[in-house]
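Okay, here's what each chain looks like letter by letter:
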Amino acid sequence: MLTVKIWLLNIIYATLDNIPPFLWNLLHVITDIYSFWFHKLITYLRPHSRVIYYEAIKDLDSETSYKRWLSTASTVDEITGANLWRRNFFSRRYDFNSVMEQYSILIKCMELQDFDTIREKFSTTGPCMLRNFAGIVDKKLFTKSLIGTKLLIEQYLRKIVESLELLSQSDTTSTSFFQRCKLSLGTTALILQGGSLFGLFHLGVIKGLLSQNLMPNIISGSSMGACIAACYGCCSNDELIQLLDNGFLQIIKNDVELLKSCGYGNVEQHLNLGTLIQNLIHHGYSQDVYLFIQFVLKYIVKDTTFEEAYQTTKKVFNVVIHPTDSSCPNLLNYVTTPNVLISSAIKCSLGSGVLSNDTILLCKNLDNKVVPFLSKEKTKTIKFLAPEHSTDTAVTTSLSNNLNSPYTRLTELFNVNNFIVSLARPYLAPLVVTDLKHEIKTSKYYYYKRYPETDQKYYMNLPELGIPQLNFTEMEPLAFKFKYHLERKLKNIITMEFHHRMQVLDRLGLLSSWIKRLTIDEKIPRSAMEISIVPKIKSLSITRIIEGQLDNIPYWINCGERSTWPVLALIKTRCIVEFKLDEIIKNKNEVQENNNT
């Protein structure tokens, strides 16, 4: 059976290798013509309200900067009536009475300079140090509007930040007070999952968070995500921003030896489609991903250890591996394995035999010499599994339970209770229920009868938003509320049922590695909150993946950055108080160090 399978695969590869290039060009032309007339027909059959809505959505998908995207998103909110929903503080999703009460207390205390009452609100039992106080971070509160949530919630959080700033300026509040507040609130971590095919997407997620000052100081990655996380953990923010602005591609283009060693420059390899697909299936990563891994190992991590990287950047950088022996740690960082080489950790996270046949976890001893991290016996017997194979055996099943999960270990070490998860898997996008950027599209089912006039437009500055508002007239509804709720509930039920069936089959050992890549993702602790960022299905270009084009690096950086824009409002709501505390503690420590010197 295996011989027949190999024989059939060889026939398919040989057939693809011998297809003339003009046939592929002809197929592209036919596809473009079909797409053009298909969209023309849909536009003709849609009602006028839907046409206006989809034109605005189309402009939203083509914006090149977050500022322009935000401006276009505000127009979409005006069309759907989501701006009216934002101004109305009432909702069954959160306790608006409690939020209004705390908001009025903070305003009064700030006017009277009542520092004792403000400190009481920020104590370990105070409402201001609860990330989900009164349910203000419920994801359902962020699916109505593209640009944010209820204005009452945004104003309440803004008042908390102003109160913290006022306390930091007073001489009666010590640094230890803010440290206790931070301990009570918890910490946020960025998790980079998957990426053997679309791993470069993680670079754009980091760029999108850095540009808005919403990047957590704790980052963890597995497989290709570990390689991307190493870039963040080993570089300062300024250095990383320069690399993300075409810095990666510029360095790679200047290294001819690196390009040749990764297969670039070989014309035959780019023409033989069967050879590229064969490499993709059997090695598990595309050509551009392999090129970036080699670049990171050569230019970024070199022979740096976790401890050395932390001393340089002060960033908590973690690598998740899946060993077949439970005595080997599965979460590597400057606390658990300070002397381990980051380069060997990345190779082990990818899996044994992926980059090389002898995948060994290495470290530096007291003499600063590179030696194996494990004993000789374990070094010979232990294997490191790729994430999709991490539940194939009974041994690794015991490692993947909730108690020994690397993410549970992360919460124990660094008090993490909020996760931002970057899933570099476009095919998982329809299955991720918590994915905001797909739930937001349900705004096309809003029943508000308003849309912007096409002839007369005027702008009115809103102090609470700082964005323009358009003039409106009445027209037919976009759709009905019943249809909106019915479709949403059916989608959730089908998705949960599908996930359950896949997990049962996985536990029984009936799923292949390729099906696991499509349906199974790593789970975070149930006690923590999660924000998922997934690339769009439109970004899935088979040609780019197979050929491994050199410009895939800026392409996926742009894709990842754009994918963060719809969830920035939720991230800001969950993290703005935490990041403000980090800023205050950092400034106070710097002042104290200067006074001591």
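Residues numbered from 1 in each chain as written. Predicted model: local features only at pLDDT ≥ 70, side-chain atom pairs only at ≥ 80, totals over all residues. Heavy atoms only, no water.

## Some details on unusual backbone geometry
What is expected of a backbone is that most residues other than glycine have negative phi and most peptide bonds are trans. As a reminder of what qualifies: Secondary structure elements are taken from DSSP: a helix is a run of H or I of four residues or more, a strand is a run of E of two residues or more, and numbering for both begins at the N terminus. Burial classification: accessible surface area is computed with a 1.4 Å probe over protein chains only, and a residue below 20% of its type maximum counts as buried, one above 50% as exposed, and the rest as partly exposed.
In this structure, Gln 113 is a non-glycine residue whose phi angle is positive, near 55°. Along the polypeptide, Gln 113 turns up in the loop between α6 (96–112) and α7 (115–121). We classify Gln 113 as partly exposed; its relative accessible area is 42%. The phi dihedral of Asn 368 falls on the positive side, at around 65°, and the residue is not glycine. Secondary-structure assignment places Asn 368 in the loop between β5 (362–364) and β6 (370–372).

## Considering the sheet that holds strand β2 (residues 218–222)
The strands that make up a sheet are held in pairs by hydrogen bonds between backbone atoms, and each pair lies either parallel or antiparallel. Quick reminder of the rule: Paired strands are those between which DSSP finds at least two bridges. Should any heavy atoms of two residues lie within 4.5 Å, those residues are considered in contact. Comment: axis = line fitted to C-alpha atoms, over the contacting stretch for helices; angle = value between 0 and 180 degrees taken between N-to-C directions.
A sheet is described by the order of its strands in space; here six strands give the open sequence β4-β3-β2-β1-β7-β10, paired in mixed fashion. The sheet is open, and its two borders are formed by β4 (331–332) and β10 (529–533), each paired with just one other strand. The pairing of strand β3 (residues 316–320) with β4 spans two bridges and is antiparallel. Bridge pairing in β4 links Val 320 to Leu 331. Packed onto the sheet, helix α21 (residues 406–414) meets β1 (187–193), β2, β3, β4 and β7 (416–423) and runs at close to 140° relative to β7.

## A look at empty space enclosed by the protein
Applicable threshold: Definitions used for this entry: grid spacing 1 Å over protein atoms alone; cavity, a set of points where a 1.4 Å probe fits but cannot get out; pocket, an open set with protein on both sides within 12 Å along at least 5 of 7 lines; lining residue, one with an atom within 4 Å of a point. Grid points are joined across faces, edges and corners, and a volume is the space filled by probe spheres set on the points. Three residue categories are used. Nonpolar comprises Ala, Val, Leu, Ile, Met, Phe, Trp, Tyr, Cys and Pro, charged comprises Asp, Glu, Lys and Arg, and polar comprises the others, including Gly.
Summed over the entire model, instances satisfying the criterion amount to five cavities of 30 Å³ or more. Lining the largest cavity are 14 residues; nearest its centre among them are Cys 128, Leu 130, Arg 131, Leu 157 and Val 577. Residue assignment for the lining of the largest cavity shows that the elements contributing at least two residues are α8 (151–169) and α27 (568–596). Here the lining of the largest cavity takes four residues from α27, the largest share from any one element. Taken together, the residues of the lining of the largest cavity sort by class into 10 nonpolar, one polar and three charged.

## Thoughts on the pairing of β7
Here β7 lies mainly inside the structure; seven of its eight residues are buried. In this structure, β1 lies alongside β7, joined through seven bridges in parallel fashion. Each residue of the ladder has a partner; that of Gln 193, found in β7, is Leu 423. Relative to β10, β7 runs parallel, the two sharing five bridges. Across the sheet, residue Ser 422 finds its bridge partner in β10, namely Ile 533.

## Notes on the packing of aromatic side chains
Our working rule: Two rings belonging to Phe, Tyr or Trp (six-membered ring only in the last case) form a pair when the distance between their centres is within 6.5 Å. Interplanar angles under 30 degrees mark stacking, angles over 60 mark edge-to-face geometry, and anything in between is tilted. Comment: the charge-over-ring label is applied if NZ (Lys) or CZ (Arg) is within 6 Å of the ring centre and within 35 degrees of the ring normal.
Applying the stated criterion across every chain yields a total of 18 aromatic pairs. When the centroid spacing of 6.2 Å and the interplanar angle of 50° are considered together, the rings of Trp 69 and Trp 565 count as tilted. Of this pair, Trp 69 sits in helix α4 (residues 66–80) while Trp 565 is found in the loop between α26 (552–564) and α27, placing the two residues 496 residues apart along the sequence. By the burial criterion, Trp 69 is buried, and Trp 565 matches it. Counting every residue linked through ring pairs, the aromatic cluster contains Phe 89, Phe 90, Tyr 94 and Phe 96. For the cation-ring pair, Lys 315 lies above Tyr 232, with the distance from its terminal atom to the ring centre recorded as 3.9 Å.

## Digging into a positive patch on the surface
The cut-off we apply is this: Like charges within 9 Å and nonpolar side chains (Val, Leu, Ile, Met, Phe, Trp, Tyr) within 5 Å are joined into patches, using only residues over 30% in relative accessible area that form no salt bridge. Calculation of accessible area relied on Shrake-Rupley with a 1.4 Å probe; when residues are assessed, cover is drawn exclusively from the protein chains displayed. By salt bridge we mean one thing: a side-chain nitrogen of Lys or Arg within 4 Å of a carboxyl oxygen of Asp or Glu. Only four residue types enter the charge count: Lys and Arg as positive, Asp and Glu as negative, with His and the chain ends excluded. All charge positions are set by atom: Lys at NZ, Arg at CZ, Asp at CG, Glu at CD.
Taken together, the side chains of Arg 92, Arg 93, Lys 140 and Lys 489 define a basic patch exposed on the protein surface. Accessibility expressed as a relative area gives 56% for Lys 489, which makes it exposed.

## Re the packing of helix α10 (residues 201–211) against α26
Worth spelling out the cut-off: Under this scheme an angle from 65 to 115 degrees is roughly perpendicular, one under 35 degrees roughly parallel, and one over 145 degrees roughly antiparallel; angles in between are oblique. Less than a right angle of anticlockwise turn of the near helix away from the far helix marks a crossing as left-handed, whereas a clockwise turn marks it as right-handed.
Two elements in contact, α10 and α26, have axes whose closest approach is 6 Å; the angle formed by their N-to-C orientations is 50°. By the angle between their directions, the pair α10 and α26 is classed as oblique. Classified by chirality, the crossing of α26 by α10 is right-handed. For the pair α10 and α26, contact is made by Phe 201, Leu 203, Gly 204, Val 205, Lys 207, Gly 208 and Ser 211 and by Trp 556, Ile 557, Cys 559, Gly 560, Glu 561, Ser 563 and Thr 564, respectively. When grouped by side-chain class, the residues that make up the contact of α10 with α26 number six nonpolar, six polar and two charged.

By themselves, these are just geometric observations and shouldn't be taken as functional.
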